[in-house]
Protein chains: 2
Amino acid sequence: MKYCVDTKENDNWYIGTEKFNPQAIDKSETVMFQGNGYLGIRAAPEEKSLCEKRDMFVAGTFDAFKDEVTELPNLPDILNIRVKINQQLFSLSAGTIQNYQKYLNLKDGELIHKFDWLIADQKISFKFSRFISMSDKHLFVSKVEIISKQNDVNVQIVSGIDGQVSNSGTQHLVEGDKRLFDDKIMQFKEQTQQSGIKFIFNVEHKSYIDEVLLNNKSNIKMNRRQIFDNYDVDLMKNQKFTFVKYANVYTSIDGDTEEDDISDVSIQDMKKNCLFNYAELLNKSIRAWNTEIWQRSLVEIKADDNKPQVAVNFARYQLAANTPPDSRMNIGSKGLTGEGYKGHTFWDTEIFMMPYFIFTMPEVARNLLRYRYLGLDGARKKAKSNGYQGAQFPWESAWPTDGEMTPPWGSVDIVTGKPMKVLSGFLEQHVTSDVVIAVMEYLYATEDKKFAEEMGYEIILDAAKFWNSRLEWNDEQKYFEIKNVIGPDEYKEHVNNNAFTNFTAYWCIQKAISIVGLLKNSEPEIYDELNYKLNLDDIYQDWLAKVDLIYLPKANDNNVIPEDDTYLQKPVIAVDKYQSTGGHAKIFKDYDLKEVDKLQVTKQADVLLLIYLFEDMFNKKIEKANWDYYEPKTTHDSSLSLATHAILASDLHLEKIAYKYFERACEVDLGTHLGKVTQGLHMGATGGIWNMVVEGFGGLRVLDSKLRIEPNLPKSWNSLQYQINWHNSLVRVLIDKNKLKISVMGEGIKFINHDKIYQVQANSKLELPISDEVTVEKENDNN
Amino acid sequence: MKYCVDTKENDNWYIGTEKFNPQAIDKSETVMFQGNGYLGIRAAPEEKSLCEKRDMFVAGTFDAFKDEVTELPNLPDILNIRVKINQQLFSLSAGTIQNYQKYLNLKDGELIHKFDWLIADQKISFKFSRFISMSDKHLFVSKVEIISKQNDVNVQIVSGIDGQVSNSGTQHLVEGDKRLFDDKIMQFKEQTQQSGIKFIFNVEHKSYIDEVLLNNKSNIKMNRRQIFDNYDVDLMKNQKFTFVKYANVYTSIDGDTEEDDISDVSIQDMKKNCLFNYAELLNKSIRAWNTEIWQRSLVEIKADDNKPQVAVNFARYQLAANTPPDSRMNIGSKGLTGEGYKGHTFWDTEIFMMPYFIFTMPEVARNLLRYRYLGLDGARKKAKSNGYQGAQFPWESAWPTDGEMTPPWGSVDIVTGKPMKVLSGFLEQHVTSDVVIAVMEYLYATEDKKFAEEMGYEIILDAAKFWNSRLEWNDEQKYFEIKNVIGPDEYKEHVNNNAFTNFTAYWCIQKAISIVGLLKNSEPEIYDELNYKLNLDDIYQDWLAKVDLIYLPKANDNNVIPEDDTYLQKPVIAVDKYQSTGGHAKIFKDYDLKEVDKLQVTKQADVLLLIYLFEDMFNKKIEKANWDYYEPKTTHDSSLSLATHAILASDLHLEKIAYKYFERACEVDLGTHLGKVTQGLHMGATGGIWNMVVEGFGGLRVLDSKLRIEPNLPKSWNSLQYQINWHNSLVRVLIDKNKLKISVMGEGIKFINHDKIYQVQANSKLELPISDEVTVEKENDNN
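Since we're looking at a predicted model, the values are computed, not measured.

*Asks:* Now, about the state of the cysteines: what can you tell me, with residues and values included?
*Replies:* This structure, assessed with the given rule, holds 0 disulfides over all chains. As a non-bridged cysteine, Cys 4 of chain A has Cys 666 of chain A as the owner of its nearest cysteine sulfur, 12 Å distant.

*Asks:* So, the interface of chain A and chain B: which residues are in play, and what are the values?
*Replies:* Taken together, the 39 residues of chain A in the interface contact 40 residues of chain B. Counting each side, the surface lost to burial between chain A and chain B is near 3200 Å², with a carbon and sulfur contribution of 51%. Summed over the shared surface of chain A and chain B, the result is 4 salt bridges. The shortest N-O distance in the salt bridge between Glu 68 of chain A and Arg 224 of chain B comes to 2.8 Å. Across the contact surface, chain A and chain B share 12 residue pairs in polar contact (both at pLDDT 80 or more). Of all the secondary-structure elements, those providing two or more residues to the side of chain A that touches chain B are strand S9 (88-89), strand S15 (173-181) and strand S19 (220-223) of chain A. Considering each element in turn, the side of chain A that touches chain B owes the most residues, 6 residues, to S15 of chain A. Looking at side-chain class alone, the side of chain A that touches chain B contains 13 nonpolar, 14 polar and 12 charged residues.

*Asks:* Could you give an account of unusual backbone geometry, with specific residues and numbers?
*Replies:* Residue and element names in this part refer to chain B. A positive phi angle is found at His 636, which is not glycine, with a value near 60°. With respect to the secondary-structure elements, His 636 resides in the loop between helix H16 (620-630) and helix H17 (641-651). Judged by its relative accessible area of 1%, His 636 falls in the buried class. Phi at His 653 takes a positive value of approximately 60°, unusual for a residue other than glycine. Counting through the fold element by element, His 653 comes out in the loop between H17 and helix H18 (655-670).

*Asks:* How would you sum up the domain arrangement of chain A? Please name residues and give values.
*Replies:* All names here are of chain A. Partitioning chain A into structural domains gives domain 1 (32-290) and domain 2 (299-721). Each of domain 1 and domain 2 has a C-alpha centre, and these two points are 38 Å apart. In this complex, domain 1 contributes 32 residues to the contact, which on the side of domain 2 involves 30 residues. When the area that domain 1 buries against domain 2 is broken down by residue, the three leading residues are Phe 33, Val 69 and Leu 106, summing to 27%. Connecting domain 1 to domain 2 are 2 salt bridges. Of the charged contacts, one joins Glu 71 and Lys 342 as a salt bridge, the two residues approaching to 3.8 Å between their closest N and O atoms. Inspection of the region where domain 1 meets domain 2 yields 10 residue pairs in polar contact (both at pLDDT 80 or more). Mapped onto the side of domain 1 that touches domain 2, the elements with two or more residues apiece are strand S3 (34-35), strand S4 (39-41), strand S5 (56-58) and strand S7 (70-71).

*Asks:* Mind laying out the relation of the copies chain A and chain B, listing which residues take part and the relevant values?
*Replies:* To go from the first copy of the chain to the second, apply a rotation about an axis and then a shift along the same axis. Overlaying chain A with chain B gives an RMSD of 0.0 Å, the required rotation being 180° about an axis along which the chain moves by 0.0 Å. The symmetry that links the two subunits is that of a two-fold axis. An overlap of 100% is found between the interface residues of chain A and their copies at the interface of chain B, pointing to a shared contact surface.

*Asks:* So what's going on with the packing of aromatic side chains? Residues and values would help.
*Replies:* Residue and element names in this part refer to chain A. Applying the stated rule across the entire model yields 94 aromatic pairs over all chains. Relative to Phe 346, the ring of Tyr 341 has its centre 5.1 Å away and its plane inclined at 75°; by these criteria the two rings are edge-to-face. You can call Phe 346 buried: its relative accessible area is 7%. Note on Phe 751 and Tyr 758: the rings are 5.4 Å apart at their centroids and 20° apart in plane angle, and the pair reads as stacked. By relative accessible area, Phe 751 is classed as buried at 1%. An aromatic cluster is built from Phe 20, Phe 90, Tyr 100, Phe 115, Trp 117, Phe 126 and Phe 128, whose rings are joined through pairwise contacts. Here Lys 633 stacks its cationic end above the ring of Tyr 629, 3.6 Å away from the centre of that ring.

*Asks:* Tell me about the sheet that holds strand S9 (residues 88-89) of chain B, residues and numbers included.
*Replies:* Residues and elements named next belong to chain B. In space, the 5 strands of this open sheet follow the order S9-S8-S14-S20-S19, with antiparallel pairing throughout. Both edges of this open sheet fall to S9 and strand S19 (220-223), since each of them pairs with a single strand only. As defined by bridge partners, strand S14 (residues 153-162) adjoins strand S20 (residues 226-235) across 10 bridges and the pair is classed as antiparallel. The residue bridging Val 153 from the neighbouring strand is Leu 235, located in S20.

*Asks:* Outline the sheet that holds S3 of chain A, listing residues and values.
*Replies:* Residue and element names in this part refer to chain A. Reading across from one edge, S3-S4-S5 is the order of the 3 strands in this open sheet, with antiparallel pairing throughout. Two strands bound the open sheet, and with one partner strand each, they are S3 and S5. Relative to S5, S4 runs antiparallel, the two sharing 3 bridges. Bridging from a neighbouring strand, Leu 39 pairs with Val 58 of S5.

*Asks:* I'd like a description of a negative patch on the surface, backed by residues and values.
*Replies:* Residue and element names in this part refer to chain A. A cluster of acidic side chains, namely Glu 525, Asp 528, Glu 529, Asp 537 and Asp 538, defines a negative patch on the protein surface. Every element with two or more residues in the negative patch is listed here: helix H12 (524-534) and helix H13 (536-546). Broken down by element, the residue count for the negative patch peaks at 3 residues, all from H12. Relative to the helices and strands, Glu 529 is located in helix H12.

*Asks:* Give me the lowdown on helix H4 (residues 307-322) of chain B, citing residues and values where you can.
*Replies:* Counted at 1.5 Å a residue, the expected span for H4 of chain B with its 16 residues is 22 Å, and the 22 Å between its end C-alpha atoms agrees. Burial of H4 of chain B is extensive: 16 of the 16 residues sit out of reach of the surface.

*Asks:* Requested: an account of the pattern of salt bridges, with residues and values cited.
*Replies:* On inspection of all chains with the given rule, the structure shows 95 salt bridges over all chains. Look at the salt bridges and you will find they share partners, linking Asp 377, Arg 380, Glu 458, Asp 462 and Lys 533 of chain A into a network.

*Asks:* Before we move on, can you summarise the packing of helix H4 (residues 307-322) of chain A against helix H18 (residues 655-670) of chain A with the specific residues and values?
*Replies:* All names here are of chain A. At a minimum axis distance of 11 Å, the contact between H4 and H18 shows a crossing angle of 50°. Judged by the inter-axis angle, H4 sits oblique to H18. The hand of the H4/H18 crossing is left-handed. For the pair H4 and H18, the contacting residues are Pro 308, Ala 311 and Phe 314 in the first and Tyr 659, Phe 662, Cys 666, Asp 669 and Leu 670 in the second. Split by residue class, the contact of H4 with H18 holds 7 nonpolar, no polar and 1 charged.

*Asks:* If you had to explain the environment of Ile 550 of chain A to someone new, which residues and values would you point to?
*Replies:* Residue and element names in this part refer to chain A. Inspection of the secondary structure puts Ile 550 in the loop between H13 and helix H14 (593-597). Sequence-wise, Ile 550 and Leu 471 are 79 residues apart; in three dimensions their C-alpha atoms are separated by 7.9 Å. The contacts of Ile 550, once residues within four sequence positions are left out, are Leu 471, Phe 480, Asn 502, Tyr 506 and Ile 509.

*Asks:* Hey, could you go over the confidence of the model for chain A for me, with residue numbers and the actual values?
*Replies:* Per-residue confidence for chain A gives a mean pLDDT of 94, with 97% of residues at or over 70. Throughout residues 773-783 of chain A the model reports pLDDT below 50, and contacts reaching past four residues in sequence, or to other chains, amount to 16 contacts.

*Asks:* Please set out the UniProt feature "active site" (unreviewed entry) in chain A residue by residue, giving values where relevant.
*Replies:* Residue and element names in this part refer to chain A. The feature "active site" (unreviewed entry), as given by UniProt, occupies Glu 490 in the numbering adopted here. Secondary-structure assignment places Glu 490 in the loop between strand S26 (479-481) and helix H11 (499-522). Once you skip the residues sitting within four places of it in the chain, Glu 490 turns out to touch Trp 395, Ser 424, Glu 428, Lys 603 and Gln 604.

*Asks:* Outline H13 of chain A, listing residues and values.
*Replies:* Residue and element names in this part refer to chain A. The complete set of buried residues in H13 reads Leu 536, Ile 539, Tyr 540, Trp 543 and Lys 546. Within H13, the buried residues cover an arc of 140° as seen down the axis, which keeps them to one side. Residues Asp 538 and Ala 545 are exposed on H13 and point more than 90 degrees away from its buried face. Those residues of H13 that are buried are in contact with helix H10 (449-470), S26, H11 and H12.

*Asks:* Describe the packing of helix H3 (residues 278-294) of chain B against H4 of chain B, and please don't skip the residues or the numbers.
*Replies:* Residue and element names in this part refer to chain B. Between H3 and H4, whose axes approach to 11 Å, the crossing angle comes to 100°. By the angle between their directions, the pair H3 and H4 is classed as roughly perpendicular. Taken together, the residues of H4 that come into contact with H3 (itself represented by Trp 289, Ile 293 and Trp 294) are Asn 313, Arg 316, Tyr 317, Ala 320 and Ala 321. Tallied by class, residues from the contact of H3 with H4 come to 6 nonpolar, 1 polar and 1 charged.

The rules behind the values
- Residues numbered from 1 in each chain as written.
- Chains lettered and ligands numbered in written order.
- Predicted model: local features only at pLDDT ≥ 70, side-chain atom pairs only at ≥ 80, totals over all residues.
- Heavy atoms only, no water.
- Disulfide = S-S within 2.5 Å.
- Contact = heavy atoms within 4.5 Å.
- Buried area = accessible area lost by both parts, 1.4 Å probe.
- Salt bridge = Lys/Arg side-chain N within 4 Å of Asp/Glu carboxyl O.
- Polar contact = N/O pair within 3.5 Å; in protein donor to acceptor, adjacent residues only side chain to side chain.
- Helix = DSSP H or I, 4+ residues; strand = E, 2+ residues; numbered from the N terminus.
- Nonpolar A, V, L, I, M, F, W, Y, C, P; charged D, E, K, R; others polar.
- Buried < 20%, exposed > 50% of the residue type's maximum accessible area, 1.4 Å probe, protein only.
- Domains from an automatic or database assignment.
- Least-squares fit on C-alpha atoms with pLDDT ≥ 70 in both.
- Phe/Tyr/Trp six-rings, centres within 6.5 Å; stacked < 30°, edge-to-face > 60°.
- Lys NZ or Arg CZ within 6 Å of the ring centre and 35° of its normal.
- Pairing = 2+ DSSP bridges.
- Patch = residues over 30% accessible without salt bridge, like charges linked within 9 Å, V, L, I, M, F, W, Y side chains within 5 Å.
- Areas by Shrake-Rupley, 256 points an atom, 1.4 Å probe, with all protein chains shown as cover.
- Lys, Arg positive; Asp, Glu negative; His and termini not counted.
- Charge placed at Lys NZ, Arg CZ, Asp CG, Glu CD.
- Expected span 1.5 Å × (residues − 1).
- Axes fitted to C-alpha atoms, helices over the stretch in contact; angles between N-to-C directions.
- Parallel < 35°, antiparallel > 145°, perpendicular 65-115°, else oblique.
- Left-handed = near helix turned anticlockwise from the far one by under 90°.
- pLDDT = per-residue confidence, 0-100.
- UniProt positions renumbered as here; feature names shortened; annotations may be inferred.
- Arc of directions from axis to C-beta.

So, in C-alpha cells, the structure goes:
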C-alpha cells in the first residue's frame, strides 16, 4: 500500500508527513481533517498560504444561496494565527524550512505541525498543536510554541476570527455584531442568508514566556467580517513563547441551548474552558475518544505491516469525526471535510457506513435512521411531485424536511462545452430501497422493536408504497417493470429494468407485506395507527397482487444477470486503462457520457453490489459468473466500488485479488493520487474500510436476519479481532491462522458458519478450527 | 517629495518600482490601477500571490447584500494567468527574482511587469503587459512573453475567468451559465443578487512562438464560478512564447445595448477585437487617451524636478480612469480602485474634483451634475423622512435614485470595543450646499443655460427649500440657527452652528432668491414650470423673510471665525504629533472620538475650506488670522485637507508652507506610507493635485461668477502652463518668473488680476508682468 502520508511501524495511530510543498495543496489538509461530528476543520495551516483550502463547517447548518440548493456554509476562519518575526511575516514559502513535520494522532485527534524556520540569520523553532474537543462539541483549542535558537527576536502575532471566507465564492453568512467582552473575549456573530441560522464565534488568547502567563492588554482591530487581536513580544534567545487560542462555535440550531441564550452560554463556556490549559482540555477530549469510540469499535489486525491497522483506525477516526451527534443531521458524503457535494447525504450512509454504526454504536445508527424518518415528509413531497405515492427518498438530502437537494447542473460536457444536467435527483431511485436495506439490517442486528414501531415500519411501508406506484405494466411481457432509471452504475442514464433497482424494489414490497402480516397478527393497535396514516388496507391487496409479477432480470445462459435491458447487447471495450483509484473519470478524456452510455462499461459495483447485499438470493455459481463478467468492465470511478469488490472477491476466495482491492480501497483517501483533494474525503469509502476488514476478511454478514461469521483471513495477517453488538450482546470475534474464536458478553447468540448454525451461550466462548479447504482453492487469474 | 514609486527624470509619465516584496501588498496595486471610467482593475499580479487585493469593478453596478447598503460588486477575476515552468508553479515568492520592474505608463495606460525568474537551474524571462482600452470601454487585453534563457522548457498555462472572488467575503453575484463558443471564447454569466444586474464576461486566448500563431485546441475546465482553458507548450531555449488574453465585460445596464442582446454583442465584439493584435488595440486606446484626455487637460510644469509634473499627470490619469462615462453614475471617493467606501460618491466630487472637469471637460462636469439631478427624488425622500422639505442630498450615494447609502455602522471604539454609529448620513448635511456650489461654479464657467434651465435651477431651488426648512428659530438670540450637525470637521458630532454649514446654507438660499428673481423677470415660462413643481411662490416669501436672520458665526476679536458654538471654548492640545499624510487617525491611538470631540482639534479644513471657497466673503485679515488659528490644530486625517491648505497658503503668499503642503498632498496616494492601501485611492486628493497646481499656484479662481487669475509660481518652478475652458473659449495660461501670459482661442474673455479687470480679445493674447512685491512678503514662521 502506498499512502500519501507516512506511517510509523510502532504506532498504529500516526499519520504524518515530512515533506512540504508550498506550491500545491497537499492531501494532508483533507486526510488530517479534525472534527467531532458537530464541528469540522480541514488541516490547513494556521498561517495563510498560497495553496490551501481552509474550510470549517458545523453539521446541519444548511443554507441556500440565491437560486442554489442548500449547502453547509464555510464558516469564519478561527484557525488563523499570523506570526511576524522581526517584522518578517512567517510563511513556509519564505526562507528555509528544516525538520519539517506535520502529523495527526488519530487516537487523540491532535494535529501537530512543527519545523525550524531559517530566515535572515534567525533560526526559529515553531510547533503548532491543535484539536477539536470530543468532550465539548463547541470547543477548538490551538497552541503555537516559538523558540528563537540564535538571537533575541521580536514576535508579533495577529489572531482572531476572519469571516472573509466563502464557499468557493458563494457567501451564506450575513455579518452581525463584533464585540470584545471583558477586554479579552472576541465575539463575532453571523447569520445564514436564507435559513436564518445564527452563529456565534468566540476567541480568547493566552500567552506565556517559559510557561509564565503574560498579561497582555487587548489591541483589537476590526475590519469587515474580521476581528483580530494583536500581540507584540520581545523574546530572548532560547526562551519559549507559547500562544494558546481558545475558540468556540455555537449556533441557534444546536438544540441544547435556547436561541436567546447562546451568546451568554458561549461566553460562560469560554470562561470555564479558559480555566484549563491546553493539555488539560486535550486530556478531557482524549478520554471521550477512548470511551466513546475506541473501546466500542475495536478492530485489531496483527500483521507485519501495520498499514491495514492504520487504515482501519483512520476510517474509524473519520467516521467519528464526521458523524453529527444529532438525529436531525446525517453524514455528508464528504463529511465535514470539504465543500464537495455541499455536505449532502447520499445512499453512502445506508449502504457503506451503516454496518459500522449498526455493529459498534447502534444508537448512532438509530440517529442516522431517525434522520430518514424525519425526512419522510420531504420524501412524500418528492414522490407526489413525480406523480407517485408513498415516500421517495431524495438522492441528495440536507436538512431532513427540505427533501430533494440534488443540484440541477453538474460538470461540463467536453463535446458541447455546456454543463450537463444532473439526473440523479430524478432517476437514481434506488436510494429509497437503500434506506429500507439499512432499516432492516439495523432491526436484524438490534431487535430494536421500539424503533421499528415508532419509525422503522413506517419508513419501510411508505417506501414500498412508492415502489408499488412506480411499477409499470408491460402488456407484451405480462410483467411489471421499472423503466427510465439510473442504477448504481451512473454511466447509464434512462435505463429500463436495472437489476439492482428491480430486485430491491421487489424486496421492499416483500418486506412490507411481511410487516403488514406481522403487525396485523401481533400488534393490531400499531397496525391500526399505521393503516390510518398510510391507508395500508388498500395498498396491501395491491402489493399482494403485483409483487410476484415484478420483472426480476434473470441470469442468462452464462449465469450473468443483465445490469439492465440493453447492457448486454452493447459493445465491449478494454477498460483496464480507465480503471482508477480515485483519479476519477479517466474514461471521459476519451468518451463523453452519451458515448459511455453505449458501451459495456460500468462505473461501480451494480449487479455485484446486489449480489453482495442479497447473497442469499443468488447461488455461488451466479456470484462467480457475474464477478467474472462485470469486474473487468468496471472503472471504479465511484469511490464506493472498490470495497464491494474486495468483499466479494474475499467471499469468492480470490484472496490475492481481494487483498489488492482492499489495498486500493484503503488508498481512496490515503493513497497518493490527488484527485479532487480540496473537495474532501470519501466517507463511503471510509465505511468501506471497516466493511472490508470486518465483513470481508472478518466474514461478518447478516443474511435475512441471521448472523453469519465466515472469515477469510488474508495470508499476510496473523490475526484479526473485532467486536460487534448483536441483539443484546457484545460479541468479540478473533480469527487467526487456525481458529475462529467467538466470545460473547451478554445473552447467548446464534451464528452461521459454512451453512452450520452454532450457538454461543451467554457470557461464554466458542472456538472453531479454520477449515483450510477453501483457502487453497485455485485462483483462476494472474491478478 | 518621496514617492512610493520611482519616477524617471526624462519621463513625466513613468511611475514604476524595482523592488518587490511578496510578503506584503505593496502600494503599486493601488497607484498603478488601470481603468477607463467604466471598468477598473487594481494592479494585482496575473499570478496568484499571498499578499494581494485583486478587485475589478464596473461603475454603477451597485448591489445590496442582505441587510447592507449597496456597493460595487467585486467582479470575477479576468486577470488571472497561472504559469507552470516544467511543472513548477510560477510565483514571485519561489526561486530568485532578478531585473524586477513593474511600471505604469500614465500616458498610454499600459502596465508592464517584467523580471527574470531563476528556479531549478532555469532562467526564465517574463514580461506581462496589459491595458484597459480607452477606446472600447468593455475591453481588457493582456499579454505574457516568456523566454527560457538557459534550457528548453515546458510551459503550462491556465487562464480564464475566476468568479471565486468577493467583496471581502460578501458575495453579490449569482452564478449563471458558463459556455464555450466556437471552441475558443469562454463565457461566464452572473447576476447581482438584489439589483438584478446581469454581467457577461468573455475571454479568448491567442498564443505564439516567435510571433507564429499556435493552433491550440481548447481544453477547458469548469468549476464553481470558474472557467479556465489549459495550454501546454514545449519551448526551446531563447524562443519566445507569447500568450495574449482578450477579455471583455458587458452588463445589462450599459445603456448602449438592449439587455437581450448583450451576450451576442459581447461575442461579436470579442471576435472583432480578436482580429487585431495587442499592439494594434493598444494604439487605438492610446489615441483615445491623447484626444480625449491629454489634449484637453493640458498642465505643464517646467522645473528641475519633474515629480510635480508626474503628480499632476498621475492625478489626470486617475481622474480619467475613474470617472464613469455615464450620467447615471458618479465618481466614487475611491473611484474604481478598491472596495473602500463601497464605490460611493461623497462631496469629494463636487468640492475637490469638479473644478478639474468644469475647466477641462465641461461635458463630464455636466454628467456629474446630472447625476445629482437624477438623485433629486432620493434627496427629497431623505429630506421628507427627516421631517424637512426640498432636497437633502445623501452623504453617500450610489445609484442616483436610491438615496442615502451611508452604512449605519463604522469602525470600532477602542474604549468600549463596540462598533460606532456612523452619523454622517444623518448629520453631515453640508453636502447639500456642496452640490449647489458645484452647480454654480459650472454655470459660471460654462454659461450653460440649457443645463441651468433643465436641471441646475431645480437643484439649487430644492436645496434652498431644504435649508429653509432646516432652520431653527432661537428666540433668545432672535436668529435662525442650524443645530446638531457635523461640519467638514468630522471629529465634532452634534455641533450647533457649524460655520461652514451655516454660511453655505445662507448662500444657497441667497442664490435661490436670485434665481427666482431672474426667472420671474426673464424666463417666466421656466419659472412657472419650476413653481408648479416646487411651489416657489410660497417658499420665496419665506426665504426673503428668513435669509437675513440666519446666524452667520462672526469673527471674534482676534478675527477668528468660530468653527461652531463651542469649539473655541474647548481645551487646546499640541496636535503636531497627530498630523499625518494619510497614515490616518493617529489621534485615535490616544483618544476616542468622544474625547477628541471635547478638544480644539480639527480633522480637516473646515473654517479654512469656507474661506477658500468663499474668499470674497472674507477679508485678507480674517483669512490670515483663521489660517494662523486653525492650521496648527488640524490633523489632516482626511485626505481632503492638505490641498485646501496648500491653496490657502499660496493665496496668503506663505510660499514655503504652501509648497510643503503641496508636496504632502501629492503624497496622499503617491507617498510611501501604506495606510489602508487595499481600500483604494483618494480621488478627492487627486482632484486636489490639479486644484493646487491650477487654482493654487496657477491662481485660477471663480469669485461670484468672475474669473480671477492671480498666480504664485513656486520658486523651484521655471514656468507653469495650463489650459482651461471658460465660457465659449479655450484659455491657455502661461506663468513664468516674469510674466503671466493669457492666450484665448474663441470669444474674448475678462479676468481679474490683483483687483483689476483685464480683457482679452477673441483669439488673442495678453501678457502681464508678474509683480514680485507679494512674493517677497515675509513668512512669519519656520515651516
